[in-house]
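# A closer look at the structure
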Amino acid sequence: MRIAEIFQSIQGEGFLTGAESVFVRASGCNLRCWYCDTPYASWSPEGEDLAVDEIVQRVESFAARHVVLTGGEPMLFPEAKPLSERLRERQLHVTIETAGTRYQPVACDLMSISPKRGNSTPRGAARARWADRHDRSRHAPAVIRRLVAEYDYQLKFVIEEASDCLDVEAYLKELPEINRRRVMLMPQGTEPADLASKSAWLEPYCRAHGLGFCPRRQIEWFGARRGT
Ligand code: SF4
């Protein structure tokens, strides 16, 4: 399984914000979001091929009891299932971060799904090469239905502008099995000032509409730095 990085940090997003966690970042993604903040695991995948045993050993060399299998898109890799099982056998709490386009019967305590909407489609020079492929793959309602039926879950949507909130409402209407209390909106951005200006209108919107607000604390704590 190609791995871009394994490191310990603090979870900055979602229900487990603040939890000391080991992050295992799979390298490779079937999507190409223009705003991707881990291009070294999507647009230009880097890393080394590691066996499941080697990954488990490296995770165990850290002290944290939470493990986050992230990417890129970890659900692309057939090793995700045995890896998740092995980590749970060791009494570790496993979160899987996915865009929700591929299903695998992984073992996990929290399925953290970030569906990619029309505001993620590649722009500029990359558009010609990737936009169609990205848009054909990004929306997989059958996969989302299965993930939310089988796992404890949270959904995080990336919001660039106010109209994106209406798009999330349309999505929740299409998939009424999603529990609104498990849905969070997250400002797009990797600069604290940009996040702060979007948060100024997004947080009140979430409060008024019964949705969670997800501020991306890791940027506030560490900046947009690799390995955090
Ligand atoms: S799905 Fe995630 S990893 Fe893949 S391109 Fe989009 S933001 Fe990057």
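Residues numbered from 1 in each chain as written. Predicted model: local features only at pLDDT ≥ 70, side-chain atom pairs only at ≥ 80, totals over all residues. Heavy atoms only, no water.

### Describing helix 6 (residues 192-208)
- With 17 residues, helix 6 extends 24 Å between its outermost C-alpha atoms, agreeing within 8% with the 24 Å of an ideal straight helix rising 1.5 Å per residue.
- Helix geometry: helix 6 is bent most strongly at Ser199, by close to 40°.
- Looking only at helix 6, the buried set comprises Leu195, Lys198, Ser199, Leu202, Tyr205 and Cys206.
- Close packing links the buried residues of helix 6 with strand 7 (153-159), helix 5 (163-174), strand 8 (183-187), strand 9 (212-213) and helix 7 (217-222).
- Looking one or two residues beyond helix 6, the residue adopting positive phi is Gly210, at roughly 65°. (Helix = DSSP H or I, 4+ residues; strand = E, 2+ residues; numbered from the N terminus. Expected span 1.5 Å × (residues − 1). Bend = angle between axes of the 7 residues up to and from the residue. Buried < 20%, exposed > 50% of the residue type's maximum accessible area, 1.4 Å probe, protein only. Contact = heavy atoms within 4.5 Å.)

### Observations concerning the pairing of strand 2 (residues 20-26)
- Burial of strand 2 is extensive: 6 of the 7 residues sit out of reach of the surface.
- Alignment of strand 1 (residues 2-10) against strand 2, held across 7 bridges, turns out to be antiparallel. Paired with Gln8 across the two strands is Val22, which belongs to strand 2.
- Pairing of strand 2 with strand 4 (residues 66-70), which is carried by 5 bridges, proceeds in the parallel orientation. Of the residues in strand 4, the one forming a bridge with Arg25 is Thr70. (Pairing = 2+ DSSP bridges.)

### Some thoughts on the side chain of Thr95
- Tracing the backbone shows Thr95 in strand 5 (residues 93-98).
- The class of Thr95 is buried, set by a relative accessible area of 2%.
- Not counting chain neighbours up to four residues away, the residues in contact with Thr95 comprise Leu16, Val67, Val68, Leu69, Leu110 and Ser112.

### A look at the environment of Ala140
- Structurally, the position occupied by Ala140 is in the loop between helix 3 (126-137) and helix 4 (141-150).
- Expressed as a C-alpha distance, the spacing of Ala140 and Arg102, which sit 38 residues apart in the sequence, is 7.9 Å.
- Among all residues touching Ala140, those that are not within four sequence positions of it are Gly100 and Thr101.

### Overview of the pairing of strand 8
- In terms of residue burial, strand 8 counts as a mostly covered element, since 5 of its 5 residues are buried.
- Of the two faces of strand 8, the one lined by Val183, Leu185 and Pro187 and the one lined by Met184 and Met186 are each fully buried.
- By the bridge criterion, 5 bridges tie strand 7 to strand 8 in an arrangement that is parallel. Within strand 8, the residue paired with Leu155 across the bridge is Val183.
- Pairing between strand 8 and strand 9: 2 bridges, direction parallel. Bridge pairing links Leu185 to Phe213 in strand 9.

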